[in-house]
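An overview of the molecular structure
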Amino acid sequence: MAHIDPVLLAAPPRIEPARALEVARTAFGIDAVSARDLGSERDRAFMLTGAEGTDVAVMKVSNTSEDTATLDMEAAAVVHAAQVDPDLPLAIPRQTVDGARRTALDIDEGTCQVRLYDVLPGRGRSDPRELSDAAIVGWGETTARIGRALRGFMHPAAVRSMLWDVQHAARTRAFLPDIRDAGQRAIVERTLDRFETVVAPVWPSLRAQVVHADLTTDNTLVDDHGRITGIVDFGDMSHSALITDIASALDSIVSDRPADDLLRLIRLYLDGYERITALDDDELRLTGDLLATRAAITIAIPAWRAAQGLEDAAFAERYSAVVARTIESLEGIGYDTVARRMLGSPAAAGIDLPAATAALIDRRAAVLGPALEPLSYETPLHLERGEGTWLIDVAGRRYLDAYNNVPSVGHGHPRVTSAIARAARRLNTNLRYLHEDAIELAERLVATMPDGLDTVLFVNSGSEANDLAWRLATTATGARGGLCTAFAYHGISEAIAPLSPESWPGGRQPDHIETWAPPDALRGADLDGAAFEAALARLAARGVAPAAVILDGALTSDGYPVPEPALVQGWASAARAAGALWVADEVQGGHGRTGAGLWSFERFGIVPDIVTLGKPMGNGHPVGAVITRRDLVRHFAEETVFFSTFGGNPVAAAASLAVLDVIADERLVDRAADTGEQLRAAIHEAAAGDKRIADVRGIGLATGVEIVRPDGSLAPDRATAGAIREALRGEGVLVGTAGAAGNVLKVRPPLVFGLDEVEIFAAAFRSVLASTSAHAGT
Ligand code: PMP
C-alpha cells in the first residue's frame, strides 16, 4: 500500500515515570515528584505532580518515528495561533532551559522528543452525549477560531500525508479487511465509495490551509458547562481543506446521539462556527459527507492499528460502533437532505425537475391562495440563482433578464450581497439606537435631492413609502382626494390601492380618486394638459379636494409613454393650484432607471413635495424611503410619532449604501441612457416592416414596445403581445407586458444590461417576430 506516516506505525514509547521526572528537571527545570501515565494513541503522556500533590505540568513524549520537523511545525503553529487569538485556551509547549520547545531523549527503541505543557483547567475525555446545546455551539465557535488563528500560518512540514485527514480517506480502503465487524466494514466501504464519487472531485476547489483537524473530546478539556477550557493536541495538523476541522470535531461531539437529533446538533455546531467564519455553499453541502468520511476512518484506522498489534483492540476501537451509527443515521436521512438542511434552502439538485416544478406550482397555489398574482409565463420559471442580467433555473438553463428592475445593479451583485451579509452578521437593530449607516444613507439621499427635500423617513417597501406619503399629504393639506395616471400602480395598502387603477377591485374607481390619461403620441391623444385639468375638475365637481397627485416618473404600468417636461410642469402647477402636493413615485423610475439623472423627476424640471423610493433601493433587499420637506414632516409630527421597526435598519441601510456606490462606480445612469438608446434602435431595426410593432418608446432602460393589429387601425393587440412575451421566454429572454390594454411589451432589464445583451435580445426578438403569427391566440 501507499506510504503511511511512520508515526502511525510505531507504538507509544516506553519510558518509566522516573525517567520522565528526570527529564522534567534537567531539561525544563521542573521539580516534580510523580508522573502519572495519561494514555495516548501514539505518544506517551504524563501528568507531573509536585510535592504538595498538585499537578504542575503535562509531559508528552512522542514516539521514536515522529519527525522533528513535524513537531517544530506544531510548536510554531501553536505559538502563531496564540499570537493571533490570545484567548484561545491552547496548550503551548514550554521552553526548555535552552529556550527550545522540545528536548531529545534516548530510549531503547531510539530517540524520542519530550515536550512539556502547562496544566490547563477543566476535565478531559468528556462524554459527548453530555454536551449541552450551548456547548455544541461553543465547540463550533472554537473550531472556527482555531481555523482563523491558523489562516496565515504555513510550514513546509504541514504538507504531509496524515491518514486521519479526510482528504486521504480513500487510502484507508486498504484497511477494510482489518475491520472485523462485517456490518461496519460494509458501512465504511459505502462511505469511502461516496467520498470518491461525491467529495473527492470537489476537494481541489475547497478552501485550504493548515488545519488543526482534531478538536475532539479526547483532545480538549472542558468546564462543568462543556465549554472548551483547553486544547491539548496539535498532532494531526496538516495542510488540508478548512472543513476537515469540522469533520473531525463533529465526528466526536455528535456521536451517540439519536438519529432524529443529529441534523439539529450539526446545525447548532455550524451556527457557532459561522459566528466566526462564514462557510460557502460547497462547504455546507459537504458537511454531512465529510462527517461520514471522518467517521469511516475512525473505524478503519483503529481496526488496522489493532490488527497490526500497535494498540489494544478494545481501546483502539472504542468509538467504532457509535460512529458507525452516525453514518447509518446520515444514510437514513439521505445525504441530499442533509445537504439541503445545512444550506437552509430547499433547492435541490438531481431531482426529477418537471415533476418537482409541477409539485411546487400546486403547493404554491395551495398555501399562498388565489389573491396572489399568478406566476409569470405559461411555463413558469423555477429559478435557482441570478448573476448580473441572467437568471438560471434549477435545470441550469440561463435566461436573459430583460424584465426585472429590482436587481438594478445586477442579480447577486457581490458588493450588495456581501454588504448585506456583513451587516447582518454585525448588527441588526432599529432607529431607536444610533448607527452610522442609516444616517449616512439619509444624508446621501438628501444630497441627491433638490434644495428643500431635506428629511428622510425609512420604510420597507414602495407601498409603505407611498402610504406614508399619502398620510403626510392628507395631514398637511387636510384634503382627502388623490389623482394618478389612468393605469397606474402605486401599492397595496388600504390608502394606496385606490391610487392603483391597475388593480382596482372589480375595476371600480373609488369616489375620492380621479385619473388622467398620459399622452399617447402614437395616436396623437392627450398631448396637452387638458386630460389632467379635466380630472381635477371631475374631482372638484364631487366636492373632493385633492391632497396629492402621484406620478411614476417612468409611467411603467401605463406602458412607458414619455411625457414632455413642459407637460409634466403644467400638471404639477395645476395640481398645486388645486391645493395638492406632488408625489414623485421613484419606485420604478428612480435609482438611475431613466438614464436622465438618479431620479426620474429630474428630467421634468420640477421639484416634488414628496419623493418615494423602493424596489431597486436595496437591489432586492426590502427597503423603502420617503424624502420630503421639513414643514410637511413637522405637520405630521404634531399629529403622531413615526416609527417603522425595520425602516432604516443597519442591514437595509448597508444594502442601500452599496447600491448607491455601485450605481456611481459603474456609471450606471449614463450606461442606462446609452444602452436604452441602443436597445430601442435594435428593436426598431428588428421590427422594421412589421406592422404589428406600432411604437418603440421609453427612456433609459425603461422601454415599451406597443403591439397593434397590423390593419392600420392601431387597435391594441393584447394576444399578440402575450404570444411574443411567451415566445421570447421560450427563446430564453424574459420580458413582461404592461399598459391598460396589456399590449405593450415591458422591457425593463437590470441597469447592467450591456451591448452584448442588446444583441442577444435583438436576435431573439427577430426570431420571435418571424415565428409568431400576426393574430396568435385571437
Ligand atoms: N410604486 C410603483 C410605481 C410600483 O411599480 C410599485 C410596485 N410595482 C410600488 C409603488 C409598490 O412597491 P412594493 O411592491 O414594493 O410595495
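In what follows, the structure referred to is the one given above.
Our subject in this report is the structure included herewith.

Turning our eyes to something else, we now look at the pairing of strand 25 (residues 744–747). Alternating residues of strand 25 divide into Val-744 and Lys-746 and Leu-745 and Val-747, and every residue in both groups is buried. Summarising the sheet, strand 22 (residues 702–707) and strand 25 pair through four bridges and their orientation is antiparallel. Bridge pairing in strand 25 links Val-705 to Leu-745. Sheet topology places strand 24 (residues 736–738) next to strand 25; three bridges connect them, and they run antiparallel. Each residue of the ladder has a partner; that of Gly-736, found in strand 25, is Lys-746.

Around the ligand, the neighbouring residues are Ser-461, Gly-462, Ser-463, Asn-466, Tyr-489, His-490, Asp-552, Asp-585, Val-587, Gln-588 and Lys-615. Here an oxygen atom of the ligand sits 2.5 Å away from a polar atom, N or O, in the side chain of Ser-463. Burial of the ligand by the surrounding chains reaches 82%, relative to a free accessible area of 390 Å². Counting residues per element, the shell around the ligand draws most heavily on helix 15 (residues 462–477), which supplies three residues.

All right, on to the packing of aromatic side chains then. Given two aromatic rings, one states the distance between the centres and the angle between the planes to describe the pair. If you walk through the whole model with that rule in mind, you get six aromatic pairs. A centroid spacing of 5.1 Å and a plane angle of 70° characterise the contact between Trp-516 and Trp-571, whose relative ring orientation is edge-to-face. Residue Trp-516 is located in strand 16 (residues 513–516), and its partner Trp-571 is located in helix 17 (residues 565–577); the two are separated by 55 residues in the primary sequence. Trp-516 gets classed as buried once you look at its relative accessible area, which sits at 1%. Note on Phe-532 and Trp-571: the rings are 6.2 Å apart at their centroids and 25° apart in plane angle, and the pair reads as stacked. Of this pair, Phe-532 sits in helix 16 (residues 530–541) while Trp-571 sits in helix 17; the two residues are 39 residues apart in sequence, bridging distant segments of the chain.

Right, let's get into the nonpolar core. Ranked by internal contacts, the top residues of the largest apolar core, which has 87 residues, are Phe-532, Trp-582, Phe-761 and Phe-765. The leading source of residues in this core is helix 21 (residues 650–665), at 11 residues. Two domains each put at least three residues into this core: domain 3 (462–613) and domain 4 (668–775). Non-local contacts of Phe-765, meaning those with residues more than four positions away in its chain, are made with Ile-683, Ala-686, Ala-687, Ile-693, Val-705, Ile-724, Leu-728 and Leu-745.

Below, the discussion takes up the sheet that holds strand 21 (residues 693–699). Reading across the sheet, the four strands line up as 21-22-25-24 and stay open at both edges, with antiparallel pairing between neighbours. Both edges of this open sheet fall to strand 21 and strand 24, since each of them pairs with a single strand only. Ignoring strand direction, the axes of neighbouring strands in this sheet form an average angle of 30°.

Cut-offs and rules
- Residues numbered from 1 in each chain as written.
- Predicted model: local features only at pLDDT ≥ 70, side-chain atom pairs only at ≥ 80, totals over all residues.
- Heavy atoms only, no water.
- Buried < 20%, exposed > 50% of the residue type's maximum accessible area, 1.4 Å probe, protein only.
- Helix = DSSP H or I, 4+ residues; strand = E, 2+ residues; numbered from the N terminus.
- Pairing = 2+ DSSP bridges.
- Near = heavy atom within 4 Å.
- Polar contact = N/O pair within 3.5 Å; in protein donor to acceptor, adjacent residues only side chain to side chain.
- Areas by Shrake-Rupley, 256 points an atom, 1.4 Å probe, with all protein chains shown as cover.
- Phe/Tyr/Trp six-rings, centres within 6.5 Å; stacked < 30°, edge-to-face > 60°.
- Core = buried A, V, L, I, M, F, W, Y, C linked by side-chain atoms within 4.5 Å.
- Domains from an automatic or database assignment.
- Contact = heavy atoms within 4.5 Å.
- Axes fitted to C-alpha atoms, helices over the stretch in contact; angles between N-to-C directions.

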